[in-house]
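Geometric and topological summary
Residues per chain are reported as follows:
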Amino acid sequence: MEKQLVRLNVNEQDYDIYINPKTLLVEAIRDYIELTGTKRGCDTVSCGACTVIVDGMAVKGCSVLAIQAEGARILTSEGLEKNGKLHAIQKAFLDEGAFQCGFCTSGMLMSSVAFLNESKNPTEKEIRDGIEGNICRCTGYNSIVRAIDSVAKGKYTEDKA
Amino acid sequence: MNKYTVINPHEPFRVINTHVHNVDGWAKITGRATYTFDVKLPGMLYGKILRSPHPHANIKGIDASKALELDGVKAVVTGKDTLGVKQGIWRRYKDLCDEQILPVDKVRYIGEPVAAVAAITEEIAEKALDLIEVDYEVLPAVFEPLDAIKKGAPEIHDGFERNISVTRHIEWGEVEEGFEESEYIREDWFRCGGQAHMCMETRCAVSSYTPDKKLTIYSSNQSPYYMQGLMAGVLGMREGDIRVLSPYVGGGFGGKFELDGAIFCSAILSMKLYKPVKIVYTREEDFIASKRRTPMFYYTRTGVKKDGTFCAREAKVFTNGGAYTGMGATALYLTGFFHSFPYIWKGYRYDGYRVYTNTLPSTSMRGFGAPQAMWCSEQQIEWIAADLGLDPIEMRRKNSHKEGTILPGQATIASCGIDLCYDEITKWIKSKGKLPANRSIGISACGFMSGGIFNWFDSPYSFSSAVVTINQDGTVELHVGAQDIGQGSNTTMAIICAETLGVKVEDIKVHSGDTDNCPPDLGAWGSRQTLMSGNAVKMASENAKKQLLEFAYAQSGLNIVYDLDIKDRWVHAIARPERGEDFVQLVRKALRGKDGQKIVGRGYYTPHRKGMISPAYSYMLQGVEVEVDEETGKISLIDSMTAHDCGQPINHLGLIGQLEGAFSMAAGYGYLEYMPYEDGKLMNPNLVDYKMIRAPEMPPANIAEIDTYEPEGPYGAKEAGEGLTNPTAAAIGNALFHRFGIQMKECPVRPEMVVNALREKKEKEHAEKK
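Counting of residues starts from 1 at the beginning of each chain's written sequence and follows it residue by residue. In the order they appear in the text, chains get letters beginning with A and ligands get numbers beginning with 1. Whole-chain, interface and lining totals are the exception, using all residues; otherwise, since this is a predicted model, local features are given only for residues with pLDDT of at least 70 and side-chain atom pairs are given and counted only at 80 or more.

Regarding the overall build of chain B
Secondary structure elements follow DSSP: runs of H or I of four or more residues count as helices, runs of E of two or more count as strands, with numbering from the N terminus. Broken down by element type, chain B carries 18 helices and 33 strands. For the radius of gyration, the atom set is restricted to C-alpha positions; the globular benchmark scales as 2.2 Å times the number of residues to the power 0.38. On C-alpha atoms alone, chain B measures out to a radius of gyration of 27 Å, which is about the 27 Å that the 2.2 N^0.38 rule sets for 770 residues. A principal-axis box enclosing the C-alpha atoms of chain B has dimensions of 95 × 75 × 45 Å. Any pair of residues counts as being in contact when their C-beta atoms, constructed from backbone geometry, are within 7 Å of one another. Restricting to contacts in chain B with at least 6 residues of sequence separation, those with at least 24 account for 82%.

Quick notes on the overall build of chain A
For chain A, the count of helices and strands is six helices and five strands. Along chain A, from the amino end to the carboxyl end, the secondary structure elements read β-β-α-β-β-β-α-α-α-α-α. Principal-axis analysis of the C-alpha atoms gives chain A an extent of 50 × 35 × 25 Å. Partitioning the intrachain contacts of chain A with sequence separation of at least 6 by distance along the chain shows that 59% fall at a separation of at least 24.

Notes on the domain arrangement of chain A
All names here are of chain A. Once the domains are mapped, chain A shows domain 1 (4-78) and domain 2 (88-160). Here the C-alpha centroids of domain 1 and domain 2 sit 21 Å apart. Listed by partner, the interface residues are 16 residues for domain 1 and 13 residues for domain 2. Contributions of two or more residues to the side of domain 1 that touches domain 2 are made by β3 (51-54) and β4 (57-60). It is β3 that contributes the most residues to the side of domain 1 that touches domain 2, three residues altogether. Class assignment for the residues of the side of domain 1 that touches domain 2 results in seven nonpolar, eight polar and one charged. For every domain, the bounds stem from an assignment made automatically or drawn from a database. Note that Gly is not counted as nonpolar here; it falls among the polar residues with everything else outside the nonpolar set of Ala, Val, Leu, Ile, Met, Phe, Trp, Tyr, Cys and Pro and the charged set of Asp, Glu, Lys and Arg.

Quick word on the interface of chain A and chain B
Listed as interface residues are 41 residues of chain A and, on the opposing side, 46 residues of chain B. Secondary structure elements with two or more residues in the side of chain A that touches chain B: α2 (88-96), α3 (105-118), α4 (124-130) and α5 (142-152) of chain A. For the side of chain A that touches chain B, the residue count by class is 16 nonpolar, 17 polar and eight charged.

Some points on the nonpolar core
Soluble globular proteins: nonpolar side chains tend toward being buried together. All names here are of chain B. Note on definitions: a nonpolar core is a set of buried residues drawn from Ala, Val, Leu, Ile, Met, Phe, Trp, Tyr and Cys, linked by C-beta atoms within 7 Å. Exposure classes come from backbone-placed C-beta atoms, where a residue is buried if 20 or more other C-beta atoms lie within 10 Å of its own, exposed if 12 or fewer do, and partly exposed in between. With 293 residues, the main nonpolar core has Val117, Ile217, Cys265, Leu478, Cys497 and Ile732 as its most contacted residues. Per element, the largest residue contribution to this core is 11 residues, and it comes from helix α16 (residues 652-671). Not counting the four nearest positions on each side in its chain, isoleucine 732 is found in contact with Gly442, Val624, Val626, Ile635, Gly670, Tyr671 and Val749.

Examining the sheet that holds strand β1 (residues 4-10) of chain A
Hydrogen bonding along the main chain pairs the strands of a sheet, whether they run parallel or antiparallel. Residues and elements named next belong to chain A. Being paired, for any two strands, means DSSP has found at least two bridges between them. Reading across the sheet, the five strands line up as β2-β1-β5-β3-β4 and stay open at both edges, with mixed pairing between neighbours. The sheet terminates laterally at β2 (13-19) and β4, the two strands that pair on one side only. With direction set aside, neighbouring strand axes in the sheet form an average angle of 40°. Strands in contact with helix α1 (residues 25-32) are β1, β2 and β3; relative to β2, the strand with the most contacts, it is inclined by about 100°. Relative to the sheet, α3 contacts β3 and β4, its axis offset from that of β3 by approximately 35°. Axis lines are fitted to C-alpha atoms, over the contacting stretch for helices. Their N-to-C directions set the angle, which ranges from 0 to 180 degrees.

Concerning the environment of A:Ile74
All names here are of chain A. Looking at where isoleucine 74 falls in the secondary structure, it is placed in strand β5 (residues 73-75). Assessed through the 27 C-beta atoms surrounding it within 10 Å, isoleucine 74 is described here as buried. Expressed as a C-alpha distance, the spacing of isoleucine 74 and threonine 23, which sit 51 residues apart in the sequence, is 16 Å.

Observations concerning the packing of helix α6 (residues 224-235) of chain B against helix α7 (residues 261-273) of chain B
Residue and element names in this part refer to chain B. Direction vectors running N to C along α6 and α7 enclose 50°, while the axes themselves pass 11 Å from each other. Taken together, the axes of α6 and α7 are oblique relative to one another. α6 and α7 meet at a crossing whose hand is right-handed. Contacts between α6 and α7 involve Met227, Met231, Val234 and Leu235 on the former and, on the latter, Ile263, Phe264 and Ala267. Here the contact of α6 with α7 is composed, by residue class, of seven nonpolar, no polar and no charged. By the definition adopted for this analysis, an angle is roughly parallel if under 35 degrees, roughly antiparallel if over 145, roughly perpendicular if from 65 to 115, and oblique otherwise. Left-handed describes a crossing whose near helix is turned anticlockwise from the far helix through less than a right angle; right-handed describes the clockwise counterpart.

Description of the pairing of strand β10 (residues 214-219) of chain B
Residues and elements named next belong to chain B. Pairing of strand β9 (residues 204-210) with β10 involves six bridges; the strand directions are antiparallel. Along β10, the bridge assignment pairs alanine 205 with serine 219. Hairpin connection from β9 to β10: three residues lie between these consecutive antiparallel strands, with lysine 213 at a positive phi of about 65°. Bridge analysis of β10 against strand β11 (residues 242-245) gives four bridges, and the strand direction is parallel. Along β11, the bridge assignment pairs isoleucine 217 with valine 244. A crossover links β10 with its parallel partner β11, the connecting element being α6, and its sense is right-handed. Clockwise travel from the first strand over the helix to the second, with the strands pointing away from the viewer, marks a crossover as right-handed.

Focus: the environment of B:His157
With respect to the helices and strands, B:His157 occurs in the loop between α4 (145-148) and β7 (164-173). For the pair B:His157 and B:Tyr324, spaced 167 residues apart in sequence, the C-alpha separation works out to 9.0 Å.

Considerations on unusual backbone geometry
Negative phi is the rule for most residues except glycine; trans is the rule for most peptide bonds. Residue and element names in this part refer to chain B. For the bond running from glutamate 11 to proline 12, omega is 0°, close enough to zero to count as cis. Within the secondary structure, proline 12 is located in the segment before α1 (25-29). The peptide bond linking phenylalanine 341 to proline 342 adopts the cis configuration, its omega dihedral lying at -15°. Within the secondary structure, proline 342 is located in the loop between α9 (328-338) and β16 (347-356). For arginine 162, which is not glycine, the phi dihedral falls at a positive 55°. Here arginine 162 shows up in the loop between α4 and β7. Overall, the presence of 15 C-beta atoms within 10 Å leaves arginine 162 in the partly exposed class. In this model, lysine 291 sits at a positive phi of 70°, which is unusual for a non-glycine residue. Turning to its location among the elements, lysine 291 is positioned in the loop between α8 (283-289) and β13 (292-293).

Printed below as a string of structure tokens:
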């Protein structure tokens, strides 16, 4: 297959990359744009480590081609912090210890952000269902659920201002 | 909840057990933490491994010529390109070193490496694998230990009669007398499954060999020092010429401290090409070729008095060792030891046999043989209590270890909070009130070690070491050999250092995961780092502090009966805390006093005269509320409570996270994480078919901390986070027993097993009615 030039907008920056059209979005982000915060943990779209946000929706980066994301706004874990100021969910992850080895964390953060953007007053069950697609082998999820819940309950609202 | 059985002499604390953020947190939540998986070196090539499709076969020949013709392929290596060293982590014992990572003449399991390719892309390397022709002579294979020990079974390794690779015997007290005194004896057979470590970061490594004959390896592992030593052995190099870097590690759980194909093959390829080579296992490779929890067949016979006093126990265990020994030898010992826990026996005897089979080798995994031991022990004890009409909690309580309990020849228990654990769980069960009809609670007790007193690796170094260096501005460099694999050891070490020196956690930079720059340490396994590395860090910090305070004493003119101390960066007389000076001022004076040499404190720890197993033991009792759908056999976990004695907690957030995480892994072992093999082939090597706990399945994992003081641990600390992998499977089994009266003898408990057990029970009751 012939390689082609693709423009991806990642974390509010355009990148022109020259790729095989069958390149996955996660491969484009990791191997071509070299943002390695997004991970890969399986080959079966099962683990969620490669989750990024595409036009506001959580998407597993191994389930779409990079060319399908052309023209979309892509957000990765590297794009959450702005000028040294952490996103509320990042603060909550720190406060709750919602990560251990950290390998699932980028994907988990992106699923959490997408979930919080859509669910204003989620129940605990809704939070759990919201991150069902992300495997964390370390934490047992409860600290992650607490972190998402605390952001949803507005604990970090003053930081948003 | 703070209930001391002994007052902690080090209190009050400034840093210990306070809410401290993980010191690696910033890097991990901003996507900046660079794992081995992310390492990219200039000119790097990509490697792939060709794996055996046969469970047992001789390699008659390998023809790689077509692969080498493929554009972009740089090298192919096979066993013939290696020194053929049979290696193993029990390197003190030659018999147990039985694995050539690229075997020269024979493969022993499906998935075993046969050849490795380096190419300019991973895709080309993968294509090249298809072009390698291997001439196999397929041999008869055997997959189950009870078949492999039969006369006439295929011989997997030369000279191992009946395929038994390791035997272990543990015995203390009066076993025969104990059984003679027993008024009730029960015997049961159990089967314990394997379990995949399933680290989110699959096995991976980047090796870079340079013309000066030095090898640098980035590797996702639990013990850089072990990797360095083992690689030196298989490559015929000096340890000092090999540097192992383990930056951030995406999980370990006991599966990443033996050599694996990624490290070994990338190094062999790099040495051939003088180029960096990276190998990353796919998830499927990780499932089929990176070892697993050791499956076991357990026979256990227990004798008690009618009032519930435990008399004697004997156990016989056959483990499915798979093709090679590795860390399985330790799991074989520890399962036998912990099968006695946490109870006092007049006599205890254990015989364990590790059996070679033509399956994926089994090894250590979080809990290290104890989850299997407790699956059997804690269910059988529950059944005995029911058989005798006794309260299962009170029966456990009256037989439990106490402070001062001696396990003859094995261990002395210096701290033990299990008695309070029984109180907490009793309270919790009462608080639940009457449960809905489809729910029930099961309990399970256990204990675990705080690091092993084993030196099968034959290290000439201290078990743990640390170096503390104080900079002129009061910042501190802490170099440790302890490895952070996500469990938070960097944070725990920083907390111990800050508490001891009297500074803040943010003053401390932790350096770990680099054999060139960090002192040797046996690494992250057997729950050893909090106690062992923690003691080394405490000693190094005390040493640096003492050097600093010498200058403070010299200028203070203080009467010799008064002491100085440092707290919160303030150097002061303990009797007059307001009189003192800033930490940084003192550091600068000390620097001048030392003619400009930085203050460096060294610390180390090796257990001496602490028995055979471990310097200290944690204790816990867990209750799990389980819901069962009788039609489908589906198990759901509703709630749980663990009363947990880990001595003095050090890292508050880390402790909660470790205990919750251990619960999810332990529960997975109990009812979800099944590894079915057919003719040596794993049938579910992917995350669609291998079921684990996901967020919706995870119940609350409540913790009641029982704080004791462990004299051997730093500030009174001992193990946390591994031991809690042990009780849950049995607690789930016990909940099923209480709800339905069914006895589950195999884990993980799958829905069809529950349905079958319920049907059999009904049929039996029906027959009895007739």
